[in-house]
Amino acid sequence: MSTPPATSTDAPDAPVPVLSFGPVVLSVPGRPVDLQLRVSAPATGTGLAVILLSHGQGPSNNLSSLNGYAPLVNLWAAQGFVVIQPTHLSSRTLSHLVADAPGAPFFWRSRSEDMSRVLDRLDLIEKAVPSLSGRIDHTQVAVAGHSFGGFTSSLLLGARVTDPDEGGEVSLLEPRIKAGVLLAAPGRGDVLQGPMADALPAFRSIDFSTMTTPALVVAGDEDDSRHFTDMGPDWHADPYTLAPGPKTLLTLFDAEHGLGGIAGYDAAETTDENPERVAALARLTAAYLHTRFHPGTSEWQAACEALTTGPDPVGRVEQK
């Protein structure tokens, strides 16, 4: 049986202890450097679902690696998830080692492949982390990704692209992943015209019509990514708008690309720092995944009623 998640009746001064362990190092044949992971989990509980978290590509050195996203990861782990964070080859922490490797500098395909490699070795990872062995439910796996990590997650959920170098359609669907959370993810490719459009040509061909895995798409209504497109904040809702159901869209009010500061505590690149928004986002995303993994439970409904209704909602929810 899985550990019951925290609820709105839990005392705010009774934090759930969280264990964080890293790096867990996986040797991968053909990969220019070893795959390094951080694993975070609640100190107690069994039958824990897994969230694979794909980092973004921000200007900081360590936030785009296994060392980032603590504000979100710690809250997810406290709510009963095992969170696994790989350092993708695109991380600035590795740029001096992989600058000449095939796929540099963004390694769009390798990022998704990292997640399948993690699942291939989930038994090994579980045994490598102290006090975690035997506590993971290997059938309950979700992927989450922020920004560029949202693109990575979209591919794992079933979106397809055309390889900009070799041609041909690419599918990186990972059937072991049962649900996804896309955080400020890139949208359609036919509107790209900013300076990053040419740097990431794989973004131009993304097809969300094949992204059939259930997912929660999170977009900030002030997230205007002009370096990619002048479409405005609606661009980040495209993974919801253009994908088939079942999909859910959470639009966070007054949120910019950092969604309140999910990439790191007190990070200079966060233009909309709001710890309360991060806490609400963590609760809503955790509730979505808990309910997705345990159909019939009311946690998602309760979280939506508490946080997206009333006089001061954090956002609005749409579903299809």
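Rules behind the numbers
- Residues numbered from 1 in each chain as written.
- Predicted model: local features only at pLDDT ≥ 70, side-chain atom pairs only at ≥ 80, totals over all residues.
- Heavy atoms only, no water.
- Helix = DSSP H or I, 4+ residues; strand = E, 2+ residues; numbered from the N terminus.
- Buried < 20%, exposed > 50% of the residue type's maximum accessible area, 1.4 Å probe, protein only.
- Arc of directions from axis to C-beta.
- Contact = heavy atoms within 4.5 Å.
- Axes fitted to C-alpha atoms, helices over the stretch in contact; angles between N-to-C directions.
- Parallel < 35°, antiparallel > 145°, perpendicular 65-115°, else oblique.
- Left-handed = near helix turned anticlockwise from the far one by under 90°.
- Nonpolar A, V, L, I, M, F, W, Y, C, P; charged D, E, K, R; others polar.
- Pairing = 2+ DSSP bridges.
- Core = buried A, V, L, I, M, F, W, Y, C linked by side-chain atoms within 4.5 Å.
- Salt bridge = Lys/Arg side-chain N within 4 Å of Asp/Glu carboxyl O.
- 1 Å grid on protein atoms, 1.4 Å probe; cavity = no way out; pocket = protein on both sides within 12 Å on 5 of 7 lines; lining within 4 Å.
- Points joined across faces, edges and corners; volume = space filled by probe spheres on them.

Moving on, we come to unusual backbone geometry. In this structure, Pro105 follows Ala104 across a cis peptide bond, with omega equal to 0 degrees. With respect to the secondary-structure elements, Pro105 resides in the loop between α2 (95–98) and α3 (108–120). Residue Gly245 is joined to Pro246 through a cis peptide bond whose omega torsion reads 0 degrees. Considering the arrangement of structural elements, one finds Pro246 in the loop between α6 (238–241) and β10 (247–252). Phi at Asp254 is positive, roughly 65 degrees, even though this residue is not glycine. By the secondary structure assignment, Asp254 is in the loop between β10 and α7 (275–293). For Asp254, a relative accessible area of 51% gives the class exposed.

Spacing of three or four residues puts side chains on the same side of an α-helix, whose turn is 3.6 residues. Within helix α8 (residues 299–307), the full set of buried residues consists of Glu299, Trp300, Ala303, Cys304 and Leu307. What you see down the axis of α8 is that its buried residues fit within an arc of 130 degrees, all on one side. Buried residues belonging to α8 abut β9 (215–220), β10, α7 and β11 (315–319).

Axis separation between α7 and α8 bottoms out at 7 Å; the angle between their running directions is 155 degrees. Classified by the angle their axes make, α7 and α8 are roughly antiparallel. As α7 packs across α8, the resulting crossing turns out to be left-handed. Seen from α7, the contacting residues are Ala280, Arg283, Leu284, Ala286, Ala287, Tyr288, His290 and Thr291; seen from α8, they are Glu299, Trp300, Ala302, Ala303, Cys304, Ala306 and Leu307. Residue composition of the contact of α7 with α8, by class: 11 nonpolar, two polar and two charged.

The next point concerns the pairing of β10. Buried residues dominate β10, accounting for six of its six residues. Alternating positions in β10 separate into two faces, Lys247, Leu249 and Thr251 on one and Thr248, Leu250 and Leu252 on the other, with burial throughout. In the sheet, β9 pairs with β10 via six bridges, with the strands oriented parallel. Within the sheet, the bridge partner assigned to Ala215 lies in β10 and is Lys247. Pairing of β10 with β11 involves five bridges; the strand directions are antiparallel. Each bridged residue has a counterpart across the sheet, and for Leu250 the counterpart in β11 is Val317.

To continue, consider the nonpolar core. Leu52, Val82, Ile84, Trp108 and Phe151 are the most contacted members of the largest nonpolar core, which has 53 residues in total. With 40 residues, the next largest nonpolar core counts Tyr69, Phe81, Ala286 and Leu307 among its residues.

Attention shifts here to the pattern of salt bridges. All chains considered together, the criterion is met by 12 salt bridges. Linked through salt bridges whose partners overlap, the residues forming this network are Arg31, Glu113, Asp114 and Arg117.

On to the layout of surface pockets. Empty space among the atoms becomes visible once a probe the size of a water molecule is rolled across them. When its volume is computed, the second largest pocket comes out at roughly 600 Å³. For the second largest pocket, the lining is made up of 33 residues, of which Gln57, Gly58, Ser147, His227 and His257 are closest to its centre.

Two numbers describe how helix α1 (residues 70–78) lies on α7: the axes approach to 9 Å, and their chain directions differ by 45 degrees. As far as their axial angle goes, α7 and α1 are oblique. Of the two possible hands of crossing, α1 and α7 adopt the one that is right-handed. In contact with Pro71, Leu72, Leu75 and Trp76 of α1, α7 contributes Val278, Ala279, Ala282, Thr285 and Ala286. Classifying every residue of the contact of α1 with α7 gives eight nonpolar, one polar and no charged.

These figures come from the coordinates and say nothing about function on their own.
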